[in-house]
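Examination of the molecular architecture
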Amino acid sequence: MGINILTLCYLIASVTYILGLKMLSNPATARRGNLIAAGGMTLAILATIFLYEYDGGLRLHNYAWIFGGIFIGGLIGTLTARKVHMTAMPELVSLFNGMGGACAALISIVEFDHLFHENKIDAAFFSDKTDGGMYLIIVAGAIIGSVSFAGSVVAWGKLSGKVKDLSFRGQHIANLVVLLMTISAAFFAFHANVRHANIPFFVTVLLALIYGILFVLPIGGADMPVVISLLNSFTGVAAACGGFLYDNKAMLTGGILVGAAGTLLTILMCKAMNRSLKNVLIGSFGATAVHTTVTQPQGAYKEISIGDAAMLMNYAHKVMIVPGYGLAVAQAQHACHELEKLLTDKGVEVKYAIHPVAGRMPGHMNVLLAEADVSYDNLLEMEQANEEFPSTDVVLVLGANDVVNPAAKNDPSSPIYGMPILDVEAAKTCIVNKRSMKPGYAGIENDLFFRPKTSMLFGDAKKVLQDLIAEIKTL
Amino acid sequence: MQNILTWISDHQQMIYIVILMIFLGIEVIGRVPSVLHTPLMSGANAIHGVVIIGAIIVMGKAESGNYVALGLGFLAVVLGTLNVVGGFVVTDRMLEMFKKKK
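Please read all numbers here as calculations on a predicted model, not as lab measurements. (Residues numbered from 1 in each chain as written. Chains lettered and ligands numbered in written order. Predicted model: local features only at pLDDT ≥ 70, side-chain atom pairs only at ≥ 80, totals over all residues. Heavy atoms only, no water.)

Per the domain assignment, the segments making up chain B are domain 1 (1–31) and domain 2 (34–102). The C-alpha-based centres of domain 1 of chain B and domain 2 of chain B are spaced at 24 Å. (Domains from an automatic or database assignment.)

What sets the pattern is the α-helix's 3.6 residues per turn: residues three or four places apart point alike. Taking 1.5 Å per residue, 21 residues should reach 30 Å; helix α6 (residues 171–191) of chain A reaches 30 Å between its end C-alpha atoms and fits that length. For α6 of chain A, every residue scored as buried is listed here: Gln171, Asn175, Val178, Thr182, Ala185, Ala186, Ala189 and Phe190 of chain A. (Helix = DSSP H or I, 4+ residues; strand = E, 2+ residues; numbered from the N terminus. Expected span 1.5 Å × (residues − 1). Buried < 20%, exposed > 50% of the residue type's maximum accessible area, 1.4 Å probe, protein only.)

In this section: the domain arrangement of chain A. As a measure of interface size, the accessible area lost when the parts come together is often cited. All names here are of chain A. Here chain A is described as being made up of domain 1 (1–83), domain 2 (87–295) and domain 3 (306–474). Each side of the interface is counted separately: domain 1 has nine residues, and domain 2 has nine residues. Buried surface at the junction of domain 1 and domain 2, both sides included, amounts to about 750 Å², of which 76% is carbon and sulfur. The largest contributions to the domain 1 side of the interface with domain 2 come from Tyr10, Tyr17 and Leu21, which together make up 45% of the buried area. Across the domain 1-domain 2 interface, the total number found is zero salt bridges. (Contact = heavy atoms within 4.5 Å. Buried area = accessible area lost by both parts, 1.4 Å probe. Salt bridge = Lys/Arg side-chain N within 4 Å of Asp/Glu carboxyl O.)

Each strand in a sheet pairs with its neighbour through backbone hydrogen bonds, running either in the same direction (parallel) or in the opposite one (antiparallel). Residue and element names in this part refer to chain A. With respect to topology, six strands assemble into an open sheet ordered β5-β4-β3-β6-β7-β8, the strand pairing being parallel. The two strands at the open ends of the sheet, each matched to only one other strand, are β5 (379–381) and β8 (454–458). Within this sheet the neighbouring strands show an average axis-to-axis angle of 25°, counted without direction. As paired strands, strand β3 (residues 318–323) and strand β6 (residues 394–398) are joined by five bridges and run parallel to one another. Note on β6: the bridge partner recorded for Val319 is Val394. (Pairing = 2+ DSSP bridges. Axes fitted to C-alpha atoms, helices over the stretch in contact; angles between N-to-C directions.)

So, on to the packing of helix α4 (residues 89–117) of chain A against helix α5 (residues 132–159) of chain A. All names here are of chain A. α5 packs onto α4 with a crossing angle of 155° between their chain directions and a minimal axis gap of 7 Å. Comparing their axes, α5 and α4 come out roughly antiparallel. Judged by the sense of rotation from one axis to the other, the crossing of α4 with α5 is left-handed. Partitioning the contact of α4 with α5 into residue classes produces 15 nonpolar, ten polar and two charged. (Parallel < 35°, antiparallel > 145°, perpendicular 65-115°, else oblique. Left-handed = near helix turned anticlockwise from the far one by under 90°. Nonpolar A, V, L, I, M, F, W, Y, C, P; charged D, E, K, R; others polar.)

On to helix α4 (residues 52–61) of chain B. Among the ten residues that make up α4 of chain B, nine are buried, leaving the element largely enclosed by the rest of the structure. By the burial criterion, the buried members of α4 of chain B are Ile52, Ile53, Gly54, Ala55, Ile56, Ile57, Val58, Met59 and Gly60 of chain B.

Considering all chains together, one arrives at eleven salt bridges over all chains under this definition. Here Arg31 of chain A and Asp92 of chain B are joined by a salt bridge, their closest N and O atoms 2.9 Å apart. One end of the pair, Arg31 of chain A, is in helix α2 (residues 30–51); the other, Asp92 of chain B, is in helix α5 (residues 67–96), on a second chain. Looking at Asp92 of chain B, the relative accessible area reads 14%, which means it is buried. With a closest N to O distance of 3.1 Å, Asp423 of chain A and Lys409 of chain A form a salt bridge. On the criterion of sequence distance, the pair formed by Asp423 of chain A in the loop between α17 (407–410) and β7 (429–434) and Lys409 of chain A in helix α17 is long-range, its members being 14 residues apart. Since its relative accessible area comes to 25%, Asp423 of chain A is described here as partly exposed. Among the charged side chains, a network of salt bridges with common partners joins Lys318, Glu349, Lys351 and Glu388 of chain A.

Now for the packing of aromatic side chains. Within this structure, the stated rule accounts for 13 aromatic pairs over all chains. With a centroid separation of 5.6 Å and 85° between ring planes, the pair formed by Trp65 of chain A and Phe74 of chain B is classed as edge-to-face. Separated into two different chains, Trp65 of chain A in helix α3 (residues 63–83) and Phe74 of chain B in helix α5 make up a pair that spans both. Residue Trp65 of chain A is classed as partly exposed on the basis of its relative accessible area of 35%. Look at Phe74 of chain B and you get partly exposed, because its relative accessible area is 24%. Considering the side-chain rings of Phe201 of chain A and Phe202 of chain A, the 5.5 Å spacing of their centres and the 80° angle between planes classify their relative orientation as edge-to-face. By relative accessible area, which is 1% here, Phe201 of chain A ends up buried. An aromatic cluster of three or more residues is present, and its members are Phe112, Phe116, Tyr135, Phe201 and Phe202 of chain A. (Phe/Tyr/Trp six-rings, centres within 6.5 Å; stacked < 30°, edge-to-face > 60°.)

So, in structure tokens, the structure goes:
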């Protein structure tokens, strides 16, 4: 009886994941979709704790440990998720993703331990005694989970500024070698003396962790959204391995669903940047960028004062704001909305041009601006915005760099050549707010800053916006 | 070879689910507007937290003397819960900001 109810609960949970993901795809239903998926998850967890049976009728025990773990994890999870600033969301998602990966890897380690102690490993891969398929799934879960864990932690460290980019010559080859070693170590467990099959297994896990670190380390800022999305789908697959292991449909559905969806999302992001997934995986972005920039000479740029910038915007018909990571770092979204309201009250048409990969995650800017109550209708996607630039008087670029770099259109030697950009040059004037002339996170020089139509407005985005607001109020 | 085929037919139900879910996952995501990409990634992140079920099973099956399984299982439960709870709460916080504007 109990086991049948469990099956029903898993069925309901699986449906809620699908429904949840579907509802997340529409702004009107997204929040409800998230809650429905969360409800399904709660049901699946409670049903597992109280109804799961194994070895023909044995119930789970160690309730104190289980509830203790859930209590600790739940408390820390809720507190961090509630307290974190909107700007730090991407690194938090990355960190939570890493926790899921670690969880999957730990499950595989414990299950391998069972297999090992029950002497179910010997040289014959598929036989009555050894279940090779089971071993492959355990190893896959361990490798993918470990890569996802180590990679996510590095991505978290990078986004929060704790870890710097690191690349050295021959890094692709080193990465490939580590990956091959990981896979060979996994198979070596079957050919080694059965007594010591656990040694190659733990070497596999260790190598997978190293691979995860090496895999993310050289990848620069512009690629971070892609990497997080990819690691997200990795964890999905690792969770699905657990589903196979326990013949558990809820884990399998949830894991594969996220694995497939995450992979598609990753590919969509790569397309927006005109790069192949292979290129991102091998991680050549950071390395080539450094070499190409040094040789380019810096031209002359002109600065604009707050007063002049305020004057320009006040008497414009149409102003387009291009937000980037600089806006997020400065927490300037509220000031930005205030400027927008002020200008709108004065009869200026104000819109936002959002590049699909602006910020550190796709949709990062939308979330930030939504937090500041900016109306959904004023956010233009790239194609729309590019159509409107020619009729725009002033473009205000707030801490965006690579997404407005004309090199993507006309410099075939640039690492971002071919990436669709926001064509801000089509507007009459362009004011760029940056903290300094230093190149953006991707390390590429931006020609836009030296164009005659462009003027630079240096300073922290929030401070500059507040000064602009004060100045416009006096006009 | 024979054994591999047997393994596949033993697990055919699971394999069917995997294949169907791959297509379903792609279909469901295909229609998402780019503004919702971040919440979607975060929501998907919470859903793969379902791996916690595996952690609970490991924990619940562990014999009281097996400290490896107990310790690692406990850690897995904590991390899995972090993933699930943190993921859903973060997603909810993001989506809270997409409320319909009057």
